[in-house]
Amino acid sequence: LAKTTQPISMDSYEGQEVNITCSHNNIATNDYITWYQQFPSQGPRFIIQGYKTKVTNEVASLFIPADRKSSTLSLPRVSLSDTAVYYCLVSLDQGGKLIFGQGTELSVKP
Amino acid sequence: DTAVSQTPKYLVTQMGNDKSIKCEQNLGHDTMYWYKQDSKKFLKIMFSYNNKELIINETVPNRFSPKSPDKAHLNLHINSLELGDSAVYFCASSQRRDTGANVLTFGAGSRLTVL
(Lines give C-alpha, C1' and ligand atoms only; values in the text may rest on other atoms or scores of the structure.)
Protein backbone atom coordinates (compact mmCIF):
# COMPACT_ATOMS: atom_id res chain seq x y z
CA LEU A 1 0.00 0.00 0.00
CA ALA A 2 1.30 3.44 -0.88
CA LYS A 3 2.48 5.42 2.10
CA THR A 4 2.28 9.19 2.25
CA THR A 5 4.56 11.77 3.82
CA GLN A 6 3.49 15.34 4.54
CA PRO A 7 4.89 18.21 6.60
CA ILE A 8 3.60 18.01 10.15
CA SER A 9 2.68 21.67 10.32
CA MET A 10 2.58 24.89 8.30
CA ASP A 11 1.90 28.51 9.14
CA SER A 12 0.37 31.08 6.84
CA TYR A 13 -1.33 34.47 6.88
CA GLU A 14 -4.75 35.45 5.66
CA GLY A 15 -4.92 36.15 1.96
CA GLN A 16 -1.86 34.07 1.08
CA GLU A 17 -1.80 31.05 -1.18
CA VAL A 18 -0.86 27.86 0.66
CA ASN A 19 0.70 24.84 -0.99
CA ILE A 20 0.94 21.55 0.90
CA THR A 21 3.01 18.85 -0.73
CA CYS A 22 2.55 15.14 -0.14
CA SER A 23 5.08 12.47 -1.14
CA HIS A 24 3.88 9.04 -2.23
CA ASN A 25 6.86 7.36 -3.84
CA ASN A 26 5.25 3.92 -3.98
CA ILE A 27 2.01 4.98 -5.64
CA ALA A 28 0.53 2.23 -7.80
CA THR A 29 -0.95 2.53 -11.25
CA ASN A 30 -4.54 2.28 -10.02
CA ASP A 31 -4.13 4.62 -7.06
CA TYR A 32 -5.91 7.96 -6.86
CA ILE A 33 -4.79 10.86 -4.68
CA THR A 34 -7.37 12.32 -2.33
CA TRP A 35 -7.19 15.18 0.15
CA TYR A 36 -9.34 15.67 3.22
CA GLN A 37 -9.71 18.58 5.63
CA GLN A 38 -10.45 18.14 9.33
CA PHE A 39 -11.55 20.90 11.70
CA PRO A 40 -11.31 20.41 15.47
CA SER A 41 -14.08 18.23 16.89
CA GLN A 42 -15.30 17.25 13.43
CA GLY A 43 -14.76 14.35 11.05
CA PRO A 44 -12.55 14.73 7.98
CA ARG A 45 -14.22 16.25 4.94
CA PHE A 46 -13.38 15.49 1.31
CA ILE A 47 -11.70 18.36 -0.55
CA ILE A 48 -10.41 17.10 -3.86
CA GLN A 49 -9.28 14.00 -5.75
CA GLY A 50 -7.10 13.49 -8.79
CA TYR A 51 -5.15 10.97 -10.81
CA LYS A 52 -2.75 13.07 -12.87
CA THR A 53 -1.99 16.65 -14.01
CA LYS A 54 -4.23 19.28 -12.47
CA VAL A 55 -7.65 19.22 -10.89
CA THR A 56 -9.48 22.32 -9.69
CA ASN A 57 -12.74 22.81 -7.83
CA GLU A 58 -14.34 25.65 -5.91
CA VAL A 59 -12.21 24.95 -2.84
CA ALA A 60 -8.73 24.02 -4.02
CA SER A 61 -6.44 22.87 -6.80
CA LEU A 62 -4.47 19.66 -6.92
CA PHE A 63 -1.25 19.45 -8.91
CA ILE A 64 0.16 16.04 -9.77
CA PRO A 65 3.43 15.73 -11.74
CA ALA A 66 3.87 13.17 -14.48
CA ASP A 67 5.64 10.61 -12.27
CA ARG A 68 2.82 10.90 -9.68
CA LYS A 69 5.27 10.41 -6.81
CA SER A 70 4.03 13.56 -5.14
CA SER A 71 1.08 15.90 -5.20
CA THR A 72 0.47 19.47 -4.07
CA LEU A 73 -2.74 20.80 -2.62
CA SER A 74 -3.09 24.51 -3.32
CA LEU A 75 -5.45 26.68 -1.27
CA PRO A 76 -5.88 30.14 -2.81
CA ARG A 77 -6.15 33.16 -0.53
CA VAL A 78 -6.60 31.34 2.77
CA SER A 79 -8.70 32.75 5.58
CA LEU A 80 -8.71 32.06 9.31
CA SER A 81 -11.40 29.44 8.75
CA ASP A 82 -8.98 27.35 6.69
CA THR A 83 -7.08 26.51 9.89
CA ALA A 84 -7.37 22.74 9.99
CA VAL A 85 -5.51 19.47 9.51
CA TYR A 86 -5.11 18.39 5.89
CA TYR A 87 -4.69 14.72 5.02
CA CYS A 88 -3.36 13.25 1.82
CA LEU A 89 -4.08 9.64 0.99
CA VAL A 90 -3.64 7.35 -1.95
CA SER A 91 -6.13 4.63 -2.61
CA LEU A 92 -7.18 2.21 -5.27
CA ASP A 93 -10.00 2.96 -7.62
CA GLN A 94 -13.09 1.01 -6.60
CA GLY A 95 -11.88 -0.20 -3.26
CA GLY A 96 -8.93 -0.97 -1.07
CA LYS A 97 -8.06 0.35 2.33
CA LEU A 98 -8.30 4.07 2.76
CA ILE A 99 -5.30 4.80 4.94
CA PHE A 100 -4.68 8.27 6.30
CA GLY A 101 -1.23 9.63 7.05
CA GLN A 102 -0.41 11.94 9.94
CA GLY A 103 -1.75 15.04 8.20
CA THR A 104 -0.50 18.63 8.00
CA GLU A 105 -1.71 21.04 10.63
CA LEU A 106 -2.24 24.37 8.88
CA SER A 107 -2.45 27.46 11.04
CA VAL A 108 -3.68 30.66 9.37
CA LYS A 109 -2.93 33.86 11.24
CA PRO A 110 -4.46 37.31 10.82
CA ASP B 1 -30.40 16.03 7.82
CA THR B 2 -27.09 14.69 9.05
CA ALA B 3 -25.60 12.35 6.45
CA VAL B 4 -23.58 10.18 8.87
CA SER B 5 -24.66 10.37 12.48
CA GLN B 6 -22.99 8.80 15.48
CA THR B 7 -24.19 8.44 19.04
CA PRO B 8 -23.13 9.20 21.64
CA LYS B 9 -20.87 12.16 20.87
CA TYR B 10 -19.15 11.84 24.24
CA LEU B 11 -18.72 8.76 26.38
CA VAL B 12 -16.94 8.62 29.75
CA THR B 13 -16.71 5.25 31.43
CA GLN B 14 -14.66 3.13 33.80
CA MET B 15 -12.11 0.51 32.87
CA GLY B 16 -13.62 -2.90 32.45
CA ASN B 17 -17.03 -1.69 31.31
CA ASP B 18 -18.70 -2.58 28.02
CA LYS B 19 -19.96 0.18 25.74
CA SER B 20 -21.43 0.64 22.29
CA ILE B 21 -21.29 3.40 19.69
CA LYS B 22 -23.97 3.56 17.03
CA CYS B 23 -23.70 4.85 13.49
CA GLU B 24 -26.30 5.49 10.84
CA GLN B 25 -25.97 6.90 7.33
CA ASN B 26 -28.80 8.19 5.16
CA LEU B 27 -26.77 8.56 1.97
CA GLY B 28 -27.68 5.16 0.53
CA HIS B 29 -23.99 4.19 0.55
CA ASP B 30 -23.07 0.52 0.41
CA THR B 31 -19.86 0.62 2.48
CA MET B 32 -19.35 1.73 6.07
CA TYR B 33 -16.21 2.09 8.18
CA TRP B 34 -14.93 2.60 11.69
CA TYR B 35 -11.78 4.65 12.22
CA LYS B 36 -9.93 5.40 15.44
CA GLN B 37 -8.15 8.71 15.92
CA ASP B 38 -5.65 8.97 18.75
CA SER B 39 -4.25 12.07 20.39
CA LYS B 40 -1.58 12.41 17.70
CA LYS B 41 -4.27 12.80 15.02
CA PHE B 42 -3.52 9.51 13.31
CA LEU B 43 -6.64 8.06 11.74
CA LYS B 44 -6.49 4.27 11.75
CA ILE B 45 -8.98 2.12 9.94
CA MET B 46 -10.50 -0.57 12.14
CA PHE B 47 -13.31 -2.19 10.17
CA SER B 48 -15.16 -1.91 6.91
CA TYR B 49 -18.49 -3.42 5.92
CA ASN B 50 -19.93 -3.66 2.43
CA ASN B 51 -23.63 -4.44 2.27
CA LYS B 52 -23.54 -5.88 5.82
CA GLU B 53 -20.52 -8.03 5.05
CA LEU B 54 -17.18 -7.53 6.83
CA ILE B 55 -14.50 -6.75 4.24
CA ILE B 56 -11.73 -5.11 6.25
CA ASN B 57 -10.75 -6.20 9.74
CA GLU B 58 -7.52 -4.61 10.82
CA THR B 59 -5.41 -5.78 13.74
CA VAL B 60 -7.90 -4.81 16.40
CA PRO B 61 -8.35 -6.60 19.75
CA ASN B 62 -11.19 -9.09 19.90
CA ARG B 63 -12.81 -6.82 22.48
CA PHE B 64 -13.95 -4.69 19.55
CA SER B 65 -16.88 -6.17 17.65
CA PRO B 66 -18.66 -4.38 14.82
CA LYS B 67 -22.24 -5.23 13.93
CA SER B 68 -24.12 -4.21 10.81
CA PRO B 69 -27.85 -4.97 11.04
CA ASP B 70 -28.40 -3.41 7.61
CA LYS B 71 -26.34 -1.43 5.16
CA ALA B 72 -27.36 1.89 6.71
CA HIS B 73 -26.11 1.01 10.18
CA LEU B 74 -22.75 -0.02 11.61
CA ASN B 75 -22.40 -0.23 15.37
CA LEU B 76 -19.24 -0.74 17.38
CA HIS B 77 -19.30 -2.68 20.64
CA ILE B 78 -16.31 -2.64 22.95
CA ASN B 79 -15.91 -5.12 25.80
CA SER B 80 -13.71 -4.78 28.88
CA LEU B 81 -12.62 -1.23 28.12
CA GLU B 82 -8.98 -0.31 28.74
CA LEU B 83 -7.28 3.04 29.23
CA GLY B 84 -5.69 2.76 25.78
CA ASP B 85 -9.11 2.65 24.17
CA SER B 86 -9.55 6.35 24.90
CA ALA B 87 -9.76 8.05 21.52
CA VAL B 88 -12.17 9.57 19.06
CA TYR B 89 -13.99 6.99 16.98
CA PHE B 90 -15.24 8.02 13.55
CA CYS B 91 -17.82 6.29 11.47
CA ALA B 92 -17.75 6.85 7.71
CA SER B 93 -19.49 5.65 4.59
CA SER B 94 -18.75 5.57 0.89
CA GLN B 95 -20.32 4.58 -2.38
CA ARG B 96 -18.73 2.86 -5.32
CA ARG B 97 -18.01 5.44 -8.03
CA ASP B 98 -17.90 5.09 -11.79
CA THR B 99 -14.37 6.48 -11.82
CA GLY B 100 -11.90 7.29 -9.11
CA ALA B 101 -11.32 6.04 -5.60
CA ASN B 102 -14.01 5.89 -2.97
CA VAL B 103 -14.72 9.15 -1.18
CA LEU B 104 -15.55 8.91 2.50
CA THR B 105 -18.23 10.86 4.29
CA PHE B 106 -17.46 10.98 8.00
CA GLY B 107 -19.59 11.41 11.07
CA ALA B 108 -18.72 13.99 13.71
CA GLY B 109 -16.97 11.44 15.90
CA SER B 110 -17.54 9.86 19.30
CA ARG B 111 -15.02 10.80 21.98
CA LEU B 112 -14.47 7.89 24.35
CA THR B 113 -12.70 8.49 27.64
CA VAL B 114 -11.83 5.51 29.79
CA LEU B 115 -11.00 6.30 33.42
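Just so it is clear, the structure is predicted and the values come from calculations on it, not from any experiment.

Mind showing me how you'd approach the packing of aromatic side chains here?
We describe a pair of aromatic rings using the distance from one ring centre to the other and the angle between the two ring planes. Applying the stated rule across the entire model yields eleven aromatic pairs over all chains. Measuring from centroid to centroid gives 5.1 Å for A:Y32 and A:Y51, while their planes differ by 55°, and the two rings are tilted. Pair noted here: A:Y32 is in strand 3 (residues 31–38) and A:Y51 is in the loop between strand 4 (45–50) and strand 5 (53–56), with a separation of 19 residues, a long-range link. Classification of A:Y32 by relative accessible area gives buried; the value is 18%. The exposure class of A:Y51 is partly exposed, given its relative accessible area of 27%. Judged by centre distance (6.3 Å) and plane angle (40°), the ring pair of B:Y33 and B:Y35 falls under tilted. Residue B:Y33 shares its accessibility class with B:Y35, and that shared class is buried. Aromatic rings pair up to connect A:Y36, A:F46, A:Y87, A:F100, B:Y33, B:Y35, B:F90 and B:F106 into one cluster.

Just checking my understanding: could you explain the interface of chain B and chain A for this structure?
Accessible area lost upon the coming together of the parts is a frequently used measure of interface size. Across the boundary between the two partners, chain B contributes 22 residues, which contact 20 residues of chain A. Between chain B and chain A the total buried area reaches about 1,900 Å² when both faces are included, carbon and sulfur atoms providing 54% of it. If you sort the residues of chain B by the area they bury against chain A, B:L43, B:A101 and B:N102 come out on top, with a joint share of 24%. On inspection of chain B and its partner chain A, the count reaches zero salt bridges. Applying the counting rule to chain B against chain A returns five residue pairs in polar contact (both at pLDDT 80 or more).

How should I be thinking about the layout of surface pockets in this particular structure?
Left-over empty space is what a probe sized like a water molecule reveals as it rolls over the atoms. In this structure, the largest pocket spans a volume of roughly 410 Å³. Lining the largest pocket are 22 residues, with A:P40, A:S41, B:Q37, B:K41 and B:R111 sitting closest to its centre. Those elements that place two or more of their residues in the lining of the largest pocket are strand 8 (84–92) of chain A together with strand 9 (87–94) and strand 11 (110–114) of chain B. Ranked by residue count, the leading element in the lining of the largest pocket is strand 9 of chain B, at three residues.

Conventions adopted
- Residues numbered from 1 in each chain as written.
- Chains lettered and ligands numbered in written order.
- Predicted model: local features only at pLDDT ≥ 70, side-chain atom pairs only at ≥ 80, totals over all residues.
- Heavy atoms only, no water.
- Phe/Tyr/Trp six-rings, centres within 6.5 Å; stacked < 30°, edge-to-face > 60°.
- Helix = DSSP H or I, 4+ residues; strand = E, 2+ residues; numbered from the N terminus.
- Buried < 20%, exposed > 50% of the residue type's maximum accessible area, 1.4 Å probe, protein only.
- Contact = heavy atoms within 4.5 Å.
- Buried area = accessible area lost by both parts, 1.4 Å probe.
- Salt bridge = Lys/Arg side-chain N within 4 Å of Asp/Glu carboxyl O.
- Polar contact = N/O pair within 3.5 Å; in protein donor to acceptor, adjacent residues only side chain to side chain.
- 1 Å grid on protein atoms, 1.4 Å probe; cavity = no way out; pocket = protein on both sides within 12 Å on 5 of 7 lines; lining within 4 Å.
- Points joined across faces, edges and corners; volume = space filled by probe spheres on them.

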